[in-house]
Amino acid sequence: MELFEYFQSIIDQDSCPIVICNLEHTILYMNPTAITRYAKRGGEKLVGKNLLDCHKKQSKEQIQKVLLWFQESKEHNRIYTFYNKKENKDVYIIALRDKTGTLIGYYEKHEYRTKETKEYYHY
């Protein structure tokens, strides 16, 4: 099995939506949660489309600024973008870099604040 399959499995098992984009904002990959979450906007058909086409002017400008900030330093890799009160989660944009540290893309990361209610190791 290729290492890529392991990484894809990690992304696909995440309960948060993950949309991976390149530097031209082309959507390269959406995990199953993202496909379901963005079904009304096209779901899986969004792959290959420009992410900026899904956002309003202010959001587009902010995304562009974030990419410039990522490019300033290899240390610039995560930026807090907003808190979603309705879903009780923080949202970040995360830099994707190759082995040399060169910026190659980005994705949006959701971190829920809601405490897990299941028992430990409950099957």
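The coordinates are above.
Because the structure is predicted, anything quoted here is derived from the model rather than measured.

Q: When you look at unusual backbone geometry in this model, what are you seeing that I'm missing?
A: Apart from glycine, the bulk of residues carry a negative phi angle, and the bulk of peptide bonds sit in the trans form. One non-glycine residue, His-25, lies in positive phi territory at about 70 degrees. Note on placement: His-25 falls in the loop between strand S1 (19–22) and strand S2 (27–30). In this structure, Tyr-121 takes a positive phi of about 50 degrees despite not being glycine. A residue is classified by how much of its surface remains accessible, and Tyr-121, at 75% relative accessible area, is exposed.

Q: Whenever I open this one, the pairing of strand S3 (residues 78–84) confuses me. Can you help?
A: Consecutive side chains along a regular strand alternate between the two faces of the sheet. With six bridges connecting them, S3 and strand S4 (residues 89–97) associate as antiparallel partners. Following the sheet pairing, Tyr-80 is matched in S4 by Tyr-92. Counting the residues between successive antiparallel strands, the hairpin from S3 to S4 contains four residues, one of them, Asn-88, with a positive phi of roughly 50 degrees.

Q: I tried to follow the environment of Phe-70 on my own but got confused; where do I start?
A: Inspection of the secondary structure puts Phe-70 in helix H3 (residues 57–72). Residues Phe-70 and Gly-105 lie 35 residues apart in sequence; the distance between their C-alpha atoms is 9.7 Å.

Q: Looking at this structure, I do not really get a nonpolar patch on the surface. What am I missing?
A: Among the surface-exposed residues, Met-1, Leu-3, Tyr-6, Phe-7 and Ile-10 lie close enough to one another that they form a single nonpolar patch of about 630 Å² accessible area. Along the polypeptide, Tyr-6 turns up in helix H1 (residues 3–13).

Q: Looking at this structure, how should I read the pairing of S4?
A: Counting buried residues in S4 gives seven out of nine residues, a clear majority hidden from the surface. Sheet topology note: the S4/strand S5 (residues 103–112) ladder contains nine bridges and is antiparallel. When the sheet's bridge partners are listed, Asp-90 is paired in S5 with Glu-111. Following S4, the chain reverses through five residues before pairing antiparallel with S5; Gly-101 in that reversal takes a positive phi of roughly 95 degrees.

The rules we used
Residues numbered from 1 in each chain as written. Predicted model: local features only at pLDDT ≥ 70, side-chain atom pairs only at ≥ 80, totals over all residues. Heavy atoms only, no water. Helix = DSSP H or I, 4+ residues; strand = E, 2+ residues; numbered from the N terminus. Buried < 20%, exposed > 50% of the residue type's maximum accessible area, 1.4 Å probe, protein only. Pairing = 2+ DSSP bridges. Patch = residues over 30% accessible without salt bridge, like charges linked within 9 Å, V, L, I, M, F, W, Y side chains within 5 Å. Areas by Shrake-Rupley, 256 points an atom, 1.4 Å probe, with all protein chains shown as cover. Salt bridge = Lys/Arg side-chain N within 4 Å of Asp/Glu carboxyl O.

All quantities given are derived from atomic positions and should not be read as evidence of function.
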